[in-house]
Amino acid sequence: VLRCLGIPTRVITNFNSAHDKNLNLSIDKYIDVSGNNLHLSEDSVWNFHVWNESWFVRRDLGSFYDGWQVLDATPQERSKGIYQCGPASTRAIKEGDVDLDYDSPFVFAAVNADCVTWIRYSKKRKERIYSDTRKIGKFISTKAVGTNARVDVTANYKYPEVKEISFKISYSQYKNSLMDDRKILVTAV
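Residues numbered from 1 in each chain as written. Predicted model: local features only at pLDDT ≥ 70, side-chain atom pairs only at ≥ 80, totals over all residues. Heavy atoms only, no water.

Some details on the overall build of the protein
- For the protein, the helix and strand inventory stands at four helices and 11 strands.
- Relative to its full complement of 189 residues, the protein shows a buried share of 34%.
- The long-range fraction of contacts in the protein, counting pairs at least 24 apart against all pairs at least 6 apart in sequence, stands at 55%.
- Total accessible area on the protein is roughly 12700 Å²; 55% of this is exposed by carbon and sulfur atoms. (Helix = DSSP H or I, 4+ residues; strand = E, 2+ residues; numbered from the N terminus. Buried < 20%, exposed > 50% of the residue type's maximum accessible area, 1.4 Å probe, protein only. Contact = heavy atoms within 4.5 Å. Areas by Shrake-Rupley, 256 points an atom, 1.4 Å probe, with all protein chains shown as cover.)

Right, here's the structure in full:
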């Protein structure tokens, strides 16, 4: 419908899409001390989810948020009492501006939530035992104009994940680094 009105619109697919039911920006899983799932959270991760983006000028939010806006025609949660989602600025999502209206926190979580596992010792005591910050929001894609090729638009929604750098050092380098630490310790005494 938006294209018929002359508004640029495209379909977006998000793989490993988070459904953050309680809007705490994480997908929480609770287990007991034996490792059994407690089913205390309604959060979930979907294999994929699809929504639309349309190009808008945002006089209500300011020109910083102009550009592609997320509109979900199949919202699963109520927003302000009715089933609706958007228009949430992709710029706001990328910058983490989750205090804006139009379901920005929900869309942010869909592409960038942390998956957190908690061990629950009692109703009052829980402990975070695992957090995966990379699982959600993979291969966010749209179709290329004039071809069936996939265009990756992940960078419109989130900054690149930080990569862990592994390196190897020889035993002698390691041993020398320990000696350097010992010198510092002795000097500090």
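Quick look at the sheet that holds strand β7 (residues 88-89)
- Within the open sheet, the six strands sit side by side as β7-β4-β3-β1-β10-β11. Their pairing is antiparallel. For this open sheet the edge positions go to β7 and β11 (150-152), each flanked by a neighbour on one side alone.
- Sheet analysis places strand β1 (residues 9-19) next to strand β3 (residues 44-56), joined by 10 bridges and oriented antiparallel. Residue Thr 13 lies in a different strand from β3, and its bridge partner there is Val 50. (Pairing = 2+ DSSP bridges.)

Notes on the packing of aromatic side chains
- All chains considered together, the criterion is met by five aromatic pairs.
- Seen in terms of ring centroids, Phe 15 and Phe 48 are 6.4 Å apart; in terms of plane orientation they differ by 50°. Their pairing is tilted. You can see Phe 15 sitting in strand β1 and its partner Phe 48 sitting in strand β3, a full 33 residues away along the chain.
- Looking at Phe 15, the relative accessible area reads 33%, which means it is partly exposed.
- Residue classification places Phe 48 among the partly exposed positions, given a relative accessible area of 48%.
- The ring of Trp 68 is capped by Arg 10, whose NZ or CZ atom sits 4.0 Å from the centre of that ring.
- Of note, Lys 126 hangs over the ring of Trp 118, and the distance from its end group to the ring centre comes to 4.3 Å. (Phe/Tyr/Trp six-rings, centres within 6.5 Å; stacked < 30°, edge-to-face > 60°. Lys NZ or Arg CZ within 6 Å of the ring centre and 35° of its normal.)

Thoughts on the nonpolar core
- Ranked by size, the top nonpolar core spans 14 residues in total, and within it Trp 51, Ile 93 and Tyr 157 carry the most contacts.
- Among the elements that line this core, the one with the most residues is helix α2 (residues 104-112), at five residues.
- Those residues in contact with Ile 93 that lie beyond four places of it in its chain are Ala 88, Ser 104, Val 107, Phe 108, Val 111 and Tyr 157.
- By size, the runner-up hydrophobic cluster in this structure holds six residues, among which are Ile 27, Ala 109, Ala 113 and Cys 115. (Core = buried A, V, L, I, M, F, W, Y, C linked by side-chain atoms within 4.5 Å.)

Comments concerning the environment of Lys 138
- For Lys 138, the position within the fold is in strand β10 (residues 138-143).
- For the pair formed by Lys 138 and Phe 15, sequence separation is 123 residues and the distance between their alpha carbons is 5.0 Å.
- Excluding residues that lie within four positions of it along the chain, Lys 138 makes contacts with Asn 14, Phe 15 and Asn 16.

Remarks on the environment of Asp 60
- The residue Asp 60 is located in the loop between β3 and β4 (67-71) in this model.
- Side-chain polar atoms of Asp 60 contact the side chain of Tyr 102, separated by 3.2 Å. (Polar contact = N/O pair within 3.5 Å; in protein donor to acceptor, adjacent residues only side chain to side chain.)

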